[in-house]
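A structural walkthrough
These are the residues of each chain, in order.
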Amino acid sequence: MSALLKTNDLTAFYGDFQALFGVDFEIHAGETIAVIGANGAGKSTFLKSITGLLKASKDAVQFGSEPIGGMAPGKIVKRGIAMVPEGRRLFPSLSVEENLLIGGYAKRPGPWNLQTVCKLFPILKERRNSPSTALSGGQQQMVAIGRALMSNPTLLICDEISLGLAPIVVKEIYDAMPSITAGGLSVIVVEQDVGTAKQVSNRLYCMQEGKISLTGKSDQLTHDQLSKAYFGI
Ligand code: ATP
């Protein structure tokens, strides 16, 4: 089966500083992949390179049969990649509903709309007219996920969605994942928490100093392998 998204010898730079060194990665339709790694390992840089926020060379990122490296972020969303950014980045002056509607601008057909997002996270229906800033951190994360789903992506990318949230809230959010992936959507989750990453994913990539230090099936990787790949010890 050919990959939905593939990176080939992907490199990334901030000026003269090289942050990624030849990253080879692939995700297939319906898979949930976790990307883990310590602070500064290159996880966000990897996501930025896929979503066009950081310029990648054309053939280094392949989505379906098309090279998308270096393509503008808006065009990449229209092709079916949506991102839940680290820190959620909601529009503070807009209501929950308005934030969700903004996600639909790509006008891609599919199962996700205001009704289905509110069915997934019923609290968003209750709070639809509230300013997004009036919501708790967990509820804001639900808005950010809902906004990304509204573009009906084929690949959903979640950057550290558990950051700063209580474990019970993290569980509530990840409990929604099976409903999100039920229709065959592929998901990349970036996580600092290895336990959560292993639990929610089929396969896992660990990054260290801008390189992939380990990859494998999440339920087969041992604690020792993971600590070595994560911390380099
Ligand atoms: P975190 O978990 O803290 O978000 P990360 O694994 O996502 O870490 P990146 O943010 O991708 O790591 O950072 C990878 C490397 O690139 C680090 O050495 C970081 O200091 C550097 N870096 C990240 N953003 C920039 C930038 N805008 N300018 C210069 N260097 C940067």
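Residues numbered from 1 in each chain as written. Predicted model: local features only at pLDDT ≥ 70, side-chain atom pairs only at ≥ 80, totals over all residues. Heavy atoms only, no water.

In the annotation of an unreviewed UniProt entry, the entry for the protein chain reads ABC transporter ATP-binding protein, and the organism field reads Undibacterium arcticum. Note on the protein chain: under the UniProt heading Sequence similarities (unreviewed entry), the record states "Belongs to the ABC transporter superfamily." (UniProt positions renumbered as here; feature names shortened; annotations may be inferred.)

1. So, the pattern of salt bridges
Applying the stated criterion across every chain, the model contains five salt bridges. Taking the shortest distance from any N to any O, the salt bridge between arginine 203 and glutamate 31 comes out at 2.7 Å. With arginine 203 in strand β9 (residues 203-208) and glutamate 31 in the loop between β2 (17-27) and β3 (32-36), the pair connects residues that are 172 residues apart, well separated along the chain. Here the two residues arginine 203 and glutamate 31 agree in accessibility, since each one is buried. (Salt bridge = Lys/Arg side-chain N within 4 Å of Asp/Glu carboxyl O. Helix = DSSP H or I, 4+ residues; strand = E, 2+ residues; numbered from the N terminus. Buried < 20%, exposed > 50% of the residue type's maximum accessible area, 1.4 Å probe, protein only.)

2. Focus on the site of the ligand
In the vicinity of the ligand lie 14 residues, with Gly40, Gly42, Lys43, Ser44 and Thr45 positioned nearest. At 3.5 Å from a nitrogen atom of the ligand is found a side-chain nitrogen or oxygen belonging to tyrosine 14. For the ligand, an oxygen atom lies 2.4 Å from a polar atom in the side chain of threonine 45. Relative to its unbound accessible surface of 630 Å², the ligand loses 63% to contact with the protein. Mapped onto the shell around the ligand, the elements with two or more residues apiece are β2 and α1 (43-51). The element that contributes the greatest number of residues to the shell around the ligand is α1, accounting for three residues. Per-class residue counts for the shell around the ligand are five nonpolar, six polar and three charged. (Near = heavy atom within 4 Å. Polar contact = N/O pair within 3.5 Å; in protein donor to acceptor, adjacent residues only side chain to side chain. Areas by Shrake-Rupley, 256 points an atom, 1.4 Å probe, with all protein chains shown as cover. Nonpolar A, V, L, I, M, F, W, Y, C, P; charged D, E, K, R; others polar.)

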